[in-house]
Amino acid sequence: MISDPLILTFALFGIMFLLLLSGLWIGFSLMASGVAGMLLFDLNLPPTISIWDKIGGLLANSIWNSTNSWSLTALPLFILMGEILYRTQISTRLLNGLQPWLSNIPGRLLHINVVACSLFAAVSGSSAATTATVGKITLDELSKRGYDRSIAIGSLAGAGTLGFLIPPSLIMIIYGILSDTSIGKLFIAGVVPGLLLASAYALYIAIRAIINPGVMPEDQEKYTLRDKIKSSQELFPVLLLIFIVLGGIYMGITTPTEAAAIGVVGAFGLALWFKNLTVANFRQAVLSAVKTTSMISFIIVGAAFLSQVVGFVGIARALSLYISGLGLSPYLLIFVVAIMYLILGMILDGISIVVMTLPIVLPIIIAAGFDPLWFGIFLVFMVELSQITPPVGFSIFVIEGISNEKVGNILKATFPFFLIMILMVIMITAFPEIVSFLPNKMVE
């Protein structure tokens, strides 16, 4: 039996990694780690209470508390909205509408990945869906027109991760539920950092195009103002949907759950209006949304149980006291946490990183004086980095599947955008007002 919570912490992480590497479902891995923690720790229970009775009670309590949440209903709705848009080719119209407006900017159509990913992320919330949707449309088309394929792939990998940062974001919903932070404020807090990151990507592409004009074809299509106005007809429906979903949250008219329901109705209406909706693709969208929601919900339940175990055996308190005793400054603490997330990003997916580490890390961060709202956005940035970090970079795998490029080439093309994201993490840490500005202006 183990009596030291710090030693138990290392034991739990070791058990989790072994279970995950064995291929066991993430939800089961989290639950099994929690059970192992209870069995390994010296609980000093009275003879009348069995250890299995205590485990069963904690498990039942965590399942009920983590799923009995009205905020959680926003999760399947946003997933369904993204699936409908993904499977009804509305995103194709989005790119057709953007093309004329980007014709005179250095880099021209190379910016399509950044702009399209930003817009699609605002109605999807899934980085995988954003990367796959935009990549299927843009990569081959850009190559045919003579644009540099390396920049096209790198910008897709970098901008595709905006699905986690620009609301609605599945990671933000999960973080809000697990940390008891306002999901509406998290959504709004991600807007400015998301736009800054997208702008930084666009600036890099423009500089590359100015320094090396060979990344673009010599011939350039000419678009008149009339062409641009006409192309806006393709953009207007999606932009209107974004405004309705996010505007309602920002102005305090709708909750995130109500906004998600409106988003589903809006996506369904757009699909009917453009005559892209069939029984087959609607069925695929619903089934995919159910599978994704079930997977995430199972992970949330497992994380909630592990969180209860962590609190019950005193791991969070012990870690907080230990790190406090190290005398680390708040910014050095954040640096250590960031390094930890970069390492975890090499072996785990984004959702797993959040649900496994949050019960331990969040109390330490709050004790150091950081705002949970700010840390939510910081954590989203770290999850974004995990999407393009080898060897378990989900966005890298998605791009490999749709581009038939070698992983090494994709990682090389992605590296500049990886560095840009790290610079953005440093910026929001040095200037937390970037995150808090819009939430402070919200109507409660």
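Just above sits the structure.
Residues numbered from 1 in each chain as written. Predicted model: local features only at pLDDT ≥ 70, side-chain atom pairs only at ≥ 80, totals over all residues. Heavy atoms only, no water.

Visitor: Can you tell me about the packing of helix 4 (residues 74-87) against helix 14 (residues 256-273), naming the residues and giving the values?
Guide: Close contact between helix 4 and helix 14 brings their axes to 8 Å; oriented N to C, the two are set at 20°. In this view, helix 4 runs roughly parallel relative to helix 14, as classed from their interaxial angle. You can see that helix 4 and helix 14 cross each other, and the crossing is left-handed. Contacts between helix 4 and helix 14 involve Ala74, Leu77, Phe78, Leu80, Met81, Ile84 and Leu85 from the former and Pro256, Thr257, Ala260, Ala261, Gly263, Val264, Ala267, Phe268 and Ala271 from the latter. (Axes fitted to C-alpha atoms, helices over the stretch in contact; angles between N-to-C directions. Helix = DSSP H or I, 4+ residues; strand = E, 2+ residues; numbered from the N terminus. Parallel < 35°, antiparallel > 145°, perpendicular 65-115°, else oblique. Left-handed = near helix turned anticlockwise from the far one by under 90°. Contact = heavy atoms within 4.5 Å.)

Visitor: Tell me about the environment of Lys275, and please be specific about residues and values.
Guide: By the secondary structure assignment, Lys275 is in the loop between helix 14 and helix 15 (279-313). Distance from Lys275 to Thr88, taken between C-alpha atoms, is 8.6 Å for residues 187 residues apart in sequence.

Visitor: Describe the side chain of Ser179, naming the residues involved and giving the relevant values.
Guide: Inspection of the secondary structure assignment puts Ser179 in helix 10 (residues 170-179). Overall, Ser179 belongs to the buried group, its relative accessible area being 14%. Within the structure, Ser179 has its side chain in polar contact with the backbone oxygen of Tyr175 (distance 2.6 Å). In contact with Ser179, other than residues within four places in its own chain, are Leu358 and Leu362. (Buried < 20%, exposed > 50% of the residue type's maximum accessible area, 1.4 Å probe, protein only. Polar contact = N/O pair within 3.5 Å; in protein donor to acceptor, adjacent residues only side chain to side chain.)

Visitor: Outline a nonpolar patch on the surface, supporting the account with residue identities and numerical values.
Guide: Residues Tyr322, Leu326, Leu328, Leu332, Phe335, Val336, Ile339 and Ile343 make up a contiguous nonpolar surface patch of roughly 710 Å² in combined accessible area. Those elements giving two or more residues to the nonpolar patch turn out to be helix 16 (315-326) and helix 17 (330-345). (Patch = residues over 30% accessible without salt bridge, like charges linked within 9 Å, V, L, I, M, F, W, Y side chains within 5 Å. Areas by Shrake-Rupley, 256 points an atom, 1.4 Å probe, with all protein chains shown as cover. Salt bridge = Lys/Arg side-chain N within 4 Å of Asp/Glu carboxyl O.)

Visitor: Could you give an account of unusual backbone geometry, naming the residues involved and the relevant values?
Guide: Unlike most non-glycine residues, Asp180 shows phi in positive territory, near 60°. Its location among the elements puts Asp180 in the loop between helix 10 and helix 11 (183-189).

Visitor: Outline the environment of Ser103, listing residues and values.
Guide: Tracing the chain through its elements places Ser103 in the loop between helix 5 (90-98) and helix 6 (112-124). The class of Ser103 is buried, set by a relative accessible area of 6%. Between the C-alpha atoms of Ser103 and Lys222, which are 119 residues apart in sequence, the distance is 7.5 Å.

Visitor: So what's going on with the pattern of salt bridges? Which residues, and what values?
Guide: Side chains that differ in charge, positive against negative, can pair when their charged atoms come close. Tallied over the full model, the rule gives one salt bridge. Glu405 serves as the salt-bridge partner of Arg149, at 2.9 Å between the closest nitrogen and oxygen. Linking Arg149 in helix 8 (residues 149-160) with Glu405 in the loop between helix 20 (394-403) and helix 21 (407-430), this pair joins segments that are 256 residues apart in sequence. For Glu405, a relative accessible area of 22% translates into the label partly exposed.

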